[in-house]
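# Descriptive analysis of the structure
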Amino acid sequence: MLTQSLDQFAVEYENAARARGAEPPWLTTARRHALERFQSLGFPTTRDEEWRFTSVSPIAECSFARPLDGRTSFGRSDLAPFRWPLAGAHEIVFVNGRYAAGLSDVGTLPPKVRIESLASALVSAPDKVEPYLTRLADGERHAFTALNAALFEDGAFIWIPAHTVLDAPIHVLFVSSPAERARDARATMTHPRVVVVIGEDSQASIVESYAGPDGGSYLTNTVTEVVLGQSAVLDHYKLQREGVRSYHMAAMHARAARSANLRAHAISLGGSLVRNEVTVVLDGEGVECTLNGLYLADDRRLVDNHTTIDHAKPHCGSREIYKGILADAARAVFNGKIIVRPDAQKTDARQTNKALLLSEDALINTKPQLEIFANDVKCTHGAAVGQMDDEAIFYLRSRGLSESEARHFLLRAFAGDVLNRMPLEPLRTAVEEVLVRQLPSYAERA
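A short tour of the structure in this document, coming up. Computed from a predicted structure; not experimentally measured. (Residues numbered from 1 in each chain as written. Predicted model: local features only at pLDDT ≥ 70, side-chain atom pairs only at ≥ 80, totals over all residues. Heavy atoms only, no water.)

### Some thoughts on the sheet that holds strand 6 (residues 170-175)
Definition in use: By the convention used here, strands pair only if DSSP detects at least 2 bridges between them. Each helix corresponds to a stretch of at least 4 residues labelled H or I by DSSP, and each strand to a stretch of at least 2 residues labelled E; elements are numbered beginning at the N terminus. Whether two residues are in contact is decided by their heavy atoms: any pair within 4.5 Å suffices. As a rule, the C-alpha atoms of each element are fitted with a line to give its axis, helices using only the stretch in contact, and angles between N-to-C directions run from 0 to 180 degrees.
Overall, mixed pairing links the 10 strands, which are arranged 3-2-6-9-11-13-15-17-19-21 in an open sheet. This sheet does not close on itself; its edge strands, each paired only once, are strand 3 (98-99) and strand 21 (378-386). In terms of strand pairing, strand 13 (residues 261-268) meets strand 15 (residues 288-297) through 8 bridges, oriented parallel. Across the sheet, the residue bridging to arginine 263 is threonine 290, located in strand 15. Each of strand 13, strand 15, strand 17 (317-326) and strand 19 (348-357) touches helix 9 (residues 403-419); the most contacted strand, strand 17, lies at about 155 degrees to it.

### Regarding the environment of glycine 139
Positionally, glycine 139 belongs in the loop between helix 6 (126-129) and helix 7 (143-151). Each C-alpha atom of the pair glycine 139 and histidine 33 lies 9.4 Å from the other, and the pair is 106 residues apart in sequence. The contact partners of glycine 139, leaving out residues within four places of it in the chain, are Arg37, Leu41, Thr145 and Ala146.

### Some details on the pairing of strand 5 (residues 155-160)
Note the threshold: Each residue gets one of three labels from its accessible area relative to the maximum for its type: buried under 20%, exposed over 50%, partly exposed in between, using a 1.4 Å probe on protein chains only.
Most of strand 5 is tucked away: 6 of the 6 residues are buried. Two strands pair when backbone bridges link them, and strand 4 (residues 114-117) and strand 5 are joined in this way by 4 bridges, in the antiparallel orientation. Of the residues in strand 5, the one forming a bridge with serine 117 is alanine 156. Relative to strand 8 (residues 193-198), strand 5 runs parallel, the two sharing 6 bridges.

### Quick look at the packing of helix 8 (residues 390-398) against helix 9
Stated formally: Roughly parallel here means an angle under 35 degrees, roughly antiparallel means over 145, roughly perpendicular means 65 to 115, and every remaining angle is called oblique. Crossings are classed by handedness, with left-handed meaning an anticlockwise turn of the near helix from the far one by less than a right angle and right-handed meaning a clockwise turn. Gly is placed with the polar residues, together with every amino acid not listed as nonpolar (Ala, Val, Leu, Ile, Met, Phe, Trp, Tyr, Cys and Pro) or charged (Asp, Glu, Lys and Arg).
Running from N to C, helix 8 and helix 9 cross one another at 120 degrees; their axes reach a closest spacing of 9 Å. If you check the angle between helix 8 and helix 9, you find them oblique. When you trace helix 8 past helix 9, the crossing you get is right-handed. In contact with Ala392, Ile393, Leu396 and Arg397 of helix 8, helix 9 contributes Glu403, Ala406, Arg407, Phe409 and Leu410. For the contact of helix 8 with helix 9, the class distribution of residues is 6 nonpolar, no polar and 3 charged.

Okay, here's the thing in structure tokens:
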């Protein structure tokens, strides 16, 4: 059955190649190699150390196909529930992995800034895309990354030249519409690709969001590659609120040059099986990196966060805090790795992971890791897993709150520690409003 499962992706590869038509020879070669690598690796299993607590058998045993287009039947009213209130944002929208020009509004851009469909950029500016596409993300060891490289049809290409400050945020929105099923009624899959290049001394905020309705089962397998030039500043937000029956596999790979500053915020609110991998290489002196994460899960959902911060050069700092709220029989995995290379002296790295378990059946497997090969460093990590504080609930109830209100108040405070670190205020407010709607049901389960 597993062999048949792998073979179906080879068939979809050929179908996608015919649909795409001609593309640069270097990309065709990269795609073919990625498919071969995926077939060689196969789906990861719980025998693999990096996947020990996360079984992808629901994906491996399902039959997926490319979805029908869906753009012509998907209007602005359909898009409204999935948008974030980012007034004045440069917005580029994709439906079922394909660029939807009629739903996008990039607006007026500064000179030489490019925010466009990746498929379009491969035609209009292949020389700008080639040095970055498939260069950072490791498809040699990671099956889902290889599968994305083989099958992606479109995505976003963001190019910000040196000495450019983009005042308005960029919103890249991927919407899955499982109602637009494959021609043979199989579950659908999309493989979005995002390439971001921030030039020297430039600054931007990018919101990358993934959404879909609760109705159908589908797979989103996405890869983002980010390159920061010297002294570049990027606030990156990844917001995931896929349908509750969906599968979401995501990998973000970033490389930062001297004195760059990357702040990445990841919010996971949906999905049945979710895996987020973040790998950041601090490849110049004086780089600052911040990773913030918040995830919610109930029922039997699983959220897996794997992060790696690679301190490759000296005098760099990193801060990481991930928090999760789990109800019912939900499960979570957090694996946070900090690597300090031999020459990366004066490294200052701190990592924290905290989880609230609202039932006896909820479970998290947490594994903080430090791999230190230098001797003049400051590195700390910590993990805390617990339930609601009865004394805090008692205190709030003594001030007139009901037990449910007290629990809700504590959940908001727990989540707020991450949300308050998001500098884009309209987005922070919008995420808080979503949590206000979701958390009462979690509080009742506590």
